[in-house]
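# Close look at the chain arrangement
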Amino acid sequence: MTRPRKLYVKSYGCQMNVYDSHRMADMLAPGGFVETATLDGADLIILNTCHIRERATEKVYSELGRLREMQEAAASEGRRVMVAVAGCVAQAEGQEIIRRAPAVDLVFGPQSYHRLPDMLARAEHGKVIDTEFPVEDKFGQLAPPSRGAMRQRGIAAFITVQEGCDKFCTFCVVPYTRGAELSRPVAAIVAEAERLADAGVREITLLGQNVNAYHGDGPDGRAWTLGKLLHRLAEVPGLARLRYTTSHPRDMVSDSDDSLIAAHRDLPALMPHLHLPVQSGSDRILAAMNRRHTRADYLDVIERLRAARPDIAFSSDFIVGFPGETEDDFRATFELVSEIGYASAYSFKYSPRPGTPAADMAQMPDDVASERLQRLQREIDRLLDRFNAGCLGATLDVLFEKSAKKPGQIVGKSPYLQSVHVMGPTSLIGQIHPVTINELGSYTLSGTLAGGASRHGEAAVLAAAGA
Ligand code: 5AD
Ligand code: SF4
């Protein structure tokens, strides 16, 4: 018998890459690959890369330099270490990776990893690149995860339900790296959710670059909306929590359909926390970004969601220093952040990406963009602190996920994705239990298990946070 080979997969970027990394490991498991958590002793290393900003891409090349040394050291001991580059950098820069990084045996994009066993066999004899957008359905050909793998991956899991993007925001590489928008059929998603729930998963986050544009084939032969899909998934036995990310404001509602907003009103399992990136608060910049919505449209969506689910909290992404951004444009963004009172937000300095329209526009001076980024981040930090402070004394439902570092302590997530630590038995892992918050750390909360029936403290949190 051949010895099991060790696989190390490193994910960069978004949660969809994490999902893809798991599915790559699932594809290789029948061939004898066992996933390891460290580089040491790995026979195959896959870097699942991100191209969203320049810095994300640079990280890959510096990692490949280090891997080259490791590969040579292993070779001197007679051991072959294969290196593959997957994901969005692979898709965008396939040939260049092979040229620049001698360590690399195999390059493949996000749409071809269902062919991994075959590609790997070919890569034993020479370098392989596969960055096609194949006509066949990748998802239909992926190997299901083993029960053991699902258990090891934990209580909360991801399912990709939609992939790719047809919106073409002028700053964004995703339409080029992930390709055109595609929604998976409802039946395939439900089957995946049932399999996960059966293995002990309690929380599922539905993933898509434009997840709320979901329009997969339903069992009734019609296209289902994300709202309808969420209703169906809420019926899966064992699943206690549902989330979805990332949404586009324009797809939150349409004239004929408000099923997603209704899902927030009607489904207790749908968590009251939504990542809804707006990128900028200035209509001029939103237009230059080709976002296809205004600041007022966004505020309207936020208002409708709050009406449907009063305890909902929001997070967002922002880009500062987009070409042509004036101090007034920036101020409009800053004021929008304060006005909405996000629970958290991510902000980035604009990074020109090759092949995107905004890369050809006149760029902002870097020092101006950096200074604005700092100002915005201070405001975001202030709001985050305020939101967390609003949790003090509140009782929040926590889904416990694992043991914490400190003996006797367990850790889980609040409805708002905050990590919450308590002293408690490991038998609570996988369960939802109310916790009274009594301490704030820098990124986590601590509390004590509350007795009695679950009492929702979310409304109190929002009130205290001034949202
Ligand atoms: N420069 C900076 N940030 C970007 N993002 C996407 N493209 C760029 C870019 N070219 C940010 C957006 C997006 C998040 C995932 O990354 O805010 O929502
Ligand atoms: Fe990065 Fe976007 Fe690709 Fe995710 S889809 S890995 S965020 S470039």
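You'll find the structure just up there.
Here's a quick rundown of the structure.

Conventions adopted
- Residues numbered from 1 in each chain as written.
- Chains lettered and ligands numbered in written order.
- Predicted model: local features only at pLDDT ≥ 70, side-chain atom pairs only at ≥ 80, totals over all residues.
- Heavy atoms only, no water.
- Pairing = 2+ DSSP bridges.
- Helix = DSSP H or I, 4+ residues; strand = E, 2+ residues; numbered from the N terminus.
- Axes fitted to C-alpha atoms, helices over the stretch in contact; angles between N-to-C directions.
- Contact = heavy atoms within 4.5 Å.
- Near = heavy atom within 4 Å.
- Polar contact = N/O pair within 3.5 Å; in protein donor to acceptor, adjacent residues only side chain to side chain.
- Areas by Shrake-Rupley, 256 points an atom, 1.4 Å probe, with all protein chains shown as cover.
- Nonpolar A, V, L, I, M, F, W, Y, C, P; charged D, E, K, R; others polar.
- Disulfide = S-S within 2.5 Å.
- Parallel < 35°, antiparallel > 145°, perpendicular 65-115°, else oblique.

This part covers the sheet that holds strand 2 (residues 33-35). Read across the open sheet, the six strands follow the order 2-1-3-4-5-6; overall the sheet is parallel. The sheet is open, and its two edges are formed by strand 2 and strand 6 (128-130), each paired on a single side. Adjacent strand axes in the sheet meet at a mean angle of 20°, parallel and antiparallel pairs treated alike. Two strands pair when backbone bridges link them, and strand 3 (residues 44-49) and strand 4 (residues 82-86) are joined in this way by five bridges, in the parallel orientation. Across the sheet, Leu44 pairs through a bridge with Met82, a residue of strand 4. Along the sheet face, helix 2 (residues 54-76) touches strand 1 (5-11), strand 3 and strand 4 and points at about 175° away from the line of strand 3. On top of the sheet, helix 4 (residues 116-123) reaches strand 2, strand 3, strand 4, strand 5 (106-108) and strand 6; it is set at about 150° to strand 5, its chief contact.

Pairing is parallel across the open sheet formed by three strands, whose spatial order is 12-13-14. Either end of the sheet is taken by a strand with one partner, and the two such strands are strand 12 (273-275) and strand 14 (344-349). Strand-to-strand twist in this sheet, taken as the mean axis angle between neighbours without regard to direction, amounts to 15°. By the bridge criterion, three bridges tie strand 12 to strand 13 (residues 313-320) in an arrangement that is parallel. Note on strand 13: the bridge partner recorded for His275 is Ser315.

As a structural note, the neighbourhood of ligand 1 is formed by Ile52, Arg53, Phe171, Gln279, Asp317, Ile319, Phe348, Lys349, Tyr350, Ser351 and Arg353. At a separation of 2.8 Å, an oxygen atom of ligand 1 approaches a polar side-chain atom of Arg53. At 2.8 Å, a backbone N or O of Ser351 approaches a nitrogen atom of ligand 1. With the chains in place, 87% of the 410 Å² that ligand 1 exposes on its own is no longer accessible. When residues of the shell around ligand 1 are traced back to their parent elements, those giving at least two are strand 13 and strand 14. Residues belonging to the shell around ligand 1 are distributed by class as follows: five nonpolar, two polar and four charged.

Turning our eyes to something else, we now look at the environment of Ile380. Tracing the backbone through its elements, the reader meets Ile380 in helix 13 (residues 366-389). For the pair Ile380 and Thr177, spaced 203 residues apart in the sequence, the C-alpha separation amounts to 30 Å. Apart from residues no more than four positions distant in its own chain, Ile380 is found in contact with Phe318, Val337, Ala345 and Ser347.

This part is about the state of the cysteines. This model, assessed by the stated rule, comprises zero disulfides. Its sulfur unpaired, Cys169 is 6.2 Å from the next cysteine sulfur, which belongs to Cys172.

Closest axis-to-axis distance for the helix 11 (residues 295-308)/helix 12 (residues 327-340) pair is 12 Å, and the angle between their directions is 10°. Comparing their axes, helix 12 and helix 11 come out roughly parallel. Judged by residue contacts, Arg295, Tyr298, Leu299, Ile302 and Arg306 of helix 11 engage Ala332, Glu335, Leu336, Glu339 and Ile340 from helix 12. In terms of residue class, the contact of helix 11 with helix 12 is built from six nonpolar, no polar and four charged.

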